[in-house]
Amino acid sequence: MEPEALPGGACSPARGGSLSGSSGCCEEHVACLGPEGDTCACRDGAFVEVEPGDNQEPLTEDDIYCRCLSKTLCHTATPVTVGFYAPCGHRLYSLLDKVTGFMRQEMVQREEAELRRSHQKPRSPEGWGLLLLLWYLAFYKPIITESHLRRKNIEFIFIRFSAWQYAGCDKLWAGLVTTLCDSIRHHFGALPLSVYHVMGTRPRFASGFSQKEWVLKTGTCLKLWGMLFVLGAGVTILLVALLVPGIKDHHALKVVGSAVTSLSGSGLALGAFSILKNLLISEKQKIERLTNSEKFTSQLGFMSKVRNEVEVLVDFLSFMEIFERRRLRVVLEITSLDICYPEKVAGVLNAMNTLLSEANTPFIFILAVDPSVIVPCLEQTGCMKGLADNGYLYLNRTVTLPFSIPEMGARSRLRFLEAAIQTREDLMYRIITSNVERRRAKCQAVPAVPSREEADAEAVRCIHAAFRCLHDGTDPLARYLPTSGAHVRRIVNTIPITLRLLLHRSGTPGTPSPRAAAAWVVLADQWPCRLSWALQCLEDAWQSRPTTDFGARSLWSIFQENVGELSSLRQPLHNVLSLDGDPELFQTFLASDFPFTARDARAFLGVTVNLDHSIRHKMGLLRGLDRLQKATATPVSRSVQCPHPE
């Protein structure tokens, strides 16, 4: 996880309460601040954010989830694979559009802040910038300096890959790689990428704290000048042999001049030919040619050839980061994967794990799938050998940032209902009016709201406090951290999202502290099955209107009360149970070290993004069917069957 810098080196607390626990206002409508600093109203424990401005249009629950995810993705170390877990349908694409929109807003805000800090405008490979880029590609080597690493402005390159469009081909993973290559080529232009293939240099790190980002290619310059000198000498000899009287009859001089000119000119022509070849034949065509060749696919170096093409793209992106004076992140949104054949689904995940997940690659994968569909699909493939045919384990090895969207909130339902009853023309008119408002706000240059910086500083303070608990060896939480690096990274990536979501309801009484939030994230990561079962039993108990003191009951006592029922369902939940860690540690965690209550669990449920909600839904279905079966097996007396007299 990339450290988030405190604005101005301070961390001012946001108004509307903090994550300290008991402080806060007890009114029904409490004003507080979200992670962007916008005013929101907390109603009965839920969060509703309000956009600043004259219209005061409140954001929905889905907007808040997507905004917190986009904020976190700006700080997360790459490569990262986001498991964007949501039911299939129109809502999934709507959520992806929201994430894209909020990431674009964050990109603009960071660009303006970096311009105020460094007073350096970013470059663009267009117009005169294209000529400058070609000059740097030919004669300079890029250097990664300290000043470059301190830049916070980011440009996101969004690529949406619909797996259904490539479902008919034999190698679906090749469609993913070719889409990536073609989109990057289209974004920067074919000419810069072609020149980089021939003359580009991979960026290297600075040897000290020098701020010099470009170093002249001495060898290339000497070769070019030498070649031009030999070419000039050859042309001179040839002209002398052809034009000067008395020497024109010397045939040997003509041969020497022609040979020198041809040899020196052939080197320049060969370089120009290589650039022209890469200009006409794209990376997509190269990979398609490799995959279509049955003879080549049987050779050992097939995947190595494809990997080399991807590595050239990654190096080119690193070069462009230094040239454009900003970070570059490629956001690859993968959709419709859960409606493809199982073997092709596994091929795409394997490509993400092997070809596109090398260290320091600037890729952000958003895997938009429904786990209840994709997990059975994976369990039907041959790639599950060695994983006990467990699709959950395979998916967990791929995803480094799980993000499960909870059920649709009340405000989101109203927004979807409003969109459903509107006509196509109404929706298009709404887009036009929003574009006009955005252009008007840009022309007026509205200054940033001061409370936004305060709220962001509060979020950073809470995130740092949670991470300090993980690093503290004396804290009981440290001994529950997993030994697997993949699980540790999932926990580190999830904590900032959880805390930012909690900040949206920070005005309500009893809001958990950063340490409690970090402990809850660890609990959901290490024991997803047992926690899902406890939450399902808790939800069923709340629906049956329990007593007023039910919220004070410990979560461990609720789990212990229903553990026998979980044991009876261990066969259909076998794969889910295998995800859990040590059961004795689970008891110690909930019974003594972190005794969460039913009220705490209910407060955390809406912000638990690293817990697959489809597991809990499956448990609810199995529990309902088991109770129905037991009720059917109960003998019924004749008087109950026939209550009326004959």
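Up top is the structure these notes are about.
Residues numbered from 1 in each chain as written. Predicted model: local features only at pLDDT ≥ 70, side-chain atom pairs only at ≥ 80, totals over all residues. Heavy atoms only, no water.

1. Some details on the pattern of salt bridges
Under the convention used in this document: Any Lys or Arg side-chain nitrogen found within 4 Å of a carboxyl oxygen on Asp or Glu counts as a salt bridge. Buried means the residue's accessible area, taken with a 1.4 Å probe over protein chains only, is under 20% of the maximum for its type, while exposed means over 50%, and partly exposed covers the values in between. Under the DSSP-based scheme used, a helix requires at least four consecutive residues in state H or I and a strand at least two consecutive residues in state E, with every element numbered from the N terminus.
Evaluation of the coordinates by the stated rule reveals 23 salt bridges. Note that E146 is salt-bridged to R150, the shortest N-O span being 3.1 Å. In this structure R150 comes out as exposed when scored by relative accessible area, which is 51%. For D580, the salt bridge identified is with R530, shortest N-O distance 2.8 Å. Here D580, found in the loop between α23 (574-577) and α24 (583-593), pairs with R530, found in helix α20 (residues 528-543); they are 50 residues apart in sequence, far enough to count as distant. For the pair D580 and R530, a shared accessibility class is recorded, and that class is buried. Connected via shared salt-bridge partners are E111, E155, E324 and R326.

2. Re the sheet that holds strand β6 (residues 140-144)
What counts, and what does not: When DSSP finds two or more bridges between a pair of strands, those strands are recorded as paired. Working rule for contacts: check all heavy atoms of both residues, and any pair within 4.5 Å makes them a contact. Convention adopted: a line fitted to C-alpha atoms gives each axis, helices being fitted over their contacting stretch, and angles between N-to-C directions are expressed from 0 to 180 degrees.
Taking strand neighbours across the sheet as the criterion, the three strands line up as β8-β6-β9 in an open arrangement whose pairing is mixed. Strands with a single pairing partner mark the edges of an open sheet, and in this sheet they are β8 (204-205) and β9 (214-216). When β6 meets β9, the two strands line up antiparallel, connected through three bridges. Directly across from K141, in β9, lies its bridge partner V215. Across the sheet, helix α3 (residues 128-139) is in contact with β6 and β9; its angle to β6 comes to roughly 90°.

3. Considering the sheet that holds strand β11 (residues 363-369)
One open sheet accounts for five strands, arranged β7-β10-β11-β5-β12; its pairing is parallel. Two strands lie at the open edges of the sheet, namely β7 (154-162) and β12 (401-404), each paired on one side alone. Taken over all neighbouring pairs, the strand axes of this sheet differ in orientation by 20° on average, direction set aside. The sheet contact formed by strand β5 (residues 80-85) and β12 spans four bridges and is parallel.

4. Some details on the nonpolar core
Cut-off, in case you're wondering: Here, the term nonpolar core denotes a set of buried Ala, Val, Leu, Ile, Met, Phe, Trp, Tyr and Cys residues that are joined through side-chain atoms within 4.5 Å.
In this structure, F84, L337, F589 and F596 are the most contacted members of the largest nonpolar core, which totals 146 residues. By residue number, the principal contributor to this core is helix α11 (residues 302-324), which donates 10 residues. Sequence-distant contacts of F596, that is, excluding residues within four places in its chain, are made with A516, A519, W520, L523, R553, S554, L555, F589, L590 and F604.

5. Concerning the environment of V522
Along the chain, V522 turns up in helix α19 (residues 514-526). Here the alpha-carbon distance between V522 and N610, two residues 88 residues apart in the chain, equals 9.5 Å. For V522, the residues in contact, after removing those within four places along its chain, are L477, Y480, L481 and I491.

6. A look at the packing of α19 against α20
To be explicit about the condition: The cut-offs work like this: below 35 degrees is roughly parallel, past 145 is roughly antiparallel, 65 to 115 is roughly perpendicular, and the gaps in between are oblique. For this classification, the nonpolar set comprises Ala, Val, Leu, Ile, Met, Phe, Trp, Tyr, Cys and Pro, the charged set comprises Asp, Glu, Lys and Arg, and every other residue, Gly included, is treated as polar.
Where α19 meets α20, the axes come as close as 5 Å, and the angle between the chain directions of the two elements is 110°. As the angle between them shows, α19 and α20 are arranged roughly perpendicular. Along its contact with α19, which presents W520, L523, A524, D525 and Q526, the element α20 presents P528, L531 and L535. The residue inventory of the contact of α19 with α20, partitioned by class, reads six nonpolar, one polar and one charged.

7. Some thoughts on unusual backbone geometry
Leaving glycine out, the prevailing phi sign among residues is negative, and the prevailing peptide bond configuration is trans. The step from T78 to P79 runs through a cis peptide bond, and the omega angle for that step is 0°. For P79, the position within the fold is in the loop between α1 (61-73) and β5. For R325, which is not a glycine, the phi torsion comes out positive at approximately 60°. Along the chain, the position of R325 falls in the loop between α11 and β10 (327-335).

8. Points about the environment of P528
Along the polypeptide, P528 turns up in helix α20. For the pair formed by P528 and H613, sequence separation is 85 residues and the distance between their alpha carbons is 9.8 Å. Excluding anything up to four places from it in sequence, P528 contacts L523, L579, D580 and L611.

9. So, the pairing of β10
Put simply, the rule is: The handedness rule is simple: strands pointing away from the viewer, and a clockwise path from the first strand over the helix to the second, make the crossover right-handed.
Within β10, nine of the nine residues are buried, which leaves it mostly tucked inside the rest of the structure. Side chains R327, R329, V331, E333 and T335 project from β10 onto one buried face, and the interleaved L328, V330, L332 and I334 project onto a second face that is buried too. Bridge count between β10 and β11: five bridges; the pairing is parallel. For V330, the partnering residue across the bridge sits in β11 and is F363. For the handedness criterion, the β-α-β arrangement of β10, helix α12 (residues 342-354) and β11 is classed as right-handed.

10. Here's the deal with α24
As a reminder, the rule being used: Along the arc lie the directions from the helix axis toward the C-beta atoms. Here a polar contact is recorded for every N or O atom pair within 3.5 Å, except that within protein the pair must consist of a potential hydrogen donor and a potential acceptor, and residues adjacent in sequence are included only if both atoms are side-chain atoms.
Where α24 is concerned, the buried positions are F586, F589 and L590. Angular distribution of buried residues about the axis of α24 spans 75°; they occupy a single face of the element. Those residues of α24 hidden inside the fold are in contact with α19, α20 and α21 (555-561). The opening residue of α24, the one whose side-chain oxygen lies 3.0 Å from the backbone nitrogen of E584, is D582.

11. Regarding the packing of α12 against helix α14 (residues 391-398)
Packed helix pairs are specified by the crossing angle of their axes together with the interaxial distance, meaning the distance between the axes. We count it as follows: The handedness criterion is simple: a crossing whose near helix is rotated anticlockwise from the far helix by less than a right angle is left-handed, and one whose near helix is rotated clockwise is right-handed.
At a minimum axis distance of 10 Å, the contact between α12 and α14 shows a crossing angle of 35°. Judged by the twist between their axes, the crossing of α12 over α14 is left-handed. Contacts between α12 and α14 involve A346, L349, N350, M352 and N353 on the former and, on the latter, Y394, R397 and T398. Each residue belonging to the contact of α12 with α14 can be placed in one class, and the counts come to four nonpolar, three polar and one charged.

12. What to know about the side chain of T100
With respect to the helices, strands and loops of the structure, T100 is situated in helix α2 (residues 90-118). Contact partners of T100, with chain neighbours within four places excluded, come to F158, R160 and E333.

13. A word on the packing of aromatic side chains
Stated formally: Here a Phe, Tyr or Trp ring, Trp counted by its six-membered ring, pairs with any other such ring whose centre lies within 6.5 Å, and the pair is stacked when the planes are under 30 degrees apart, edge-to-face when over 60, and tilted otherwise.
Applying the stated criterion across every chain yields a total of 25 aromatic pairs. Their ring planes at 25° and their centres at 4.3 Å tell us that Y136 and W214 sit as a pair that is stacked. Of this pair, Y136 sits in helix α3 while W214 sits in strand β9, and the two are 78 residues apart along the sequence. Each member of the pair Y136 and W214 is classed as buried. Ring centres of Y480 and F594 lie 6.5 Å apart, and the angle between their planes is 70°; on these two criteria the pair is classed as edge-to-face. On the criterion of sequence distance, the pair formed by Y480 in the loop between α17 (450-471) and α18 (485-503) and F594 in the loop between α24 and α25 (598-605) is long-range, its members being 114 residues apart. Classification of Y480 as buried rests on a relative accessible area of 2%.

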